[in-house]
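One letter stands for each residue in the lines below.
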Amino acid sequence: MKTKNEPSKLVTVTLPRATGSEENFVFVGLNGKGWNIMRGVPVRVPRPVYDILAEAETQKRRQADFIHRQQENAARSAVSAGL
């Protein structure tokens, strides 16, 4: 168990570089603290911050997969309706 004075375990994360209208930094807030994490640069962050970033990436992939499935379903429906 982590004691009050024990520093958090740090892990290195490198976020993909920004494209298009994306910001060069990603903000993560946790328990009243905030981190601006620069894209394209290896950054050491506490493990809970890394976990937040990893979960956000997982949710992005799930959202993209969902949208793709919905588009495929709509295209199939249009074909079967003769549109």
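Participant: Quick one: what's the story with the environment of Lys9, residue by residue and with numbers?
Facilitator: Structurally, Lys9 can be placed in the segment before strand E1 (10-13). In sequence terms Lys9 and Pro46 are 37 residues apart; their C-alpha atoms lie 5.7 Å from each other. Non-local contacts of Lys9, meaning those with residues more than four positions away in its chain, are made with Val45, Pro46 and Arg47.

Participant: A description of unusual backbone geometry should follow, citing residues and the corresponding values.
Facilitator: Even without being a glycine, Asn31 presents a positive backbone phi close to 50°. Of note, Asn31 is situated in the loop between strand E2 (25-30) and strand E3 (33-38). Overall, the relative accessible area of 73% leaves Asn31 in the exposed class.

Participant: Account for the pairing of E3, naming residues and giving values.
Facilitator: In this sheet, E3 lies alongside E2 in antiparallel orientation, the contact comprising 6 bridges. By the bridge assignment for E3, Val28 is matched with Trp35. A loop of 2 residues connects E2 with E3, the two strands running antiparallel in sequence, and Asn31 in this loop sits at a positive phi of about 50°.

Participant: Talk me through the environment of Val28; I want residue IDs and the actual numbers.
Facilitator: Along the polypeptide, Val28 turns up in strand E2. A residue is classified by how much of its surface remains accessible, and Val28, at 4% relative accessible area, is buried. Each C-alpha atom of the pair Val28 and Ile52 lies 7.7 Å from the other, and the pair is 24 residues apart in sequence. Not counting the four nearest positions on each side in its chain, Val28 is found in contact with Lys33, Gly34, Trp35, Ile37, Val49, Ile52 and Leu53.

How each quantity is defined
Residue indices begin from 1 for each chain and proceed along its sequence in written order. Local features in a predicted model are, by the rule used here, given only for residues with pLDDT of at least 70; side-chain atom pairs are given and counted only at 80 or more, and totals for whole chains, interfaces and linings are based on all residues. Side-chain metrics rest on all non-hydrogen atoms present in the structure, leaving aside hydrogens and water. Runs of H or I in DSSP of at least four residues are treated as helices and runs of E of at least two as strands, each being numbered from the N terminus. Contacts are assigned to residue pairs with any non-hydrogen atoms lying within 4.5 Å of each other. The buried label goes to any residue with under 20% of its type's maximum accessible area, the exposed label to any with over 50%, and the partly exposed label to all in between, with areas taken from a 1.4 Å probe on protein chains only. We treat two strands as partners when DSSP finds at least two bridges between them.

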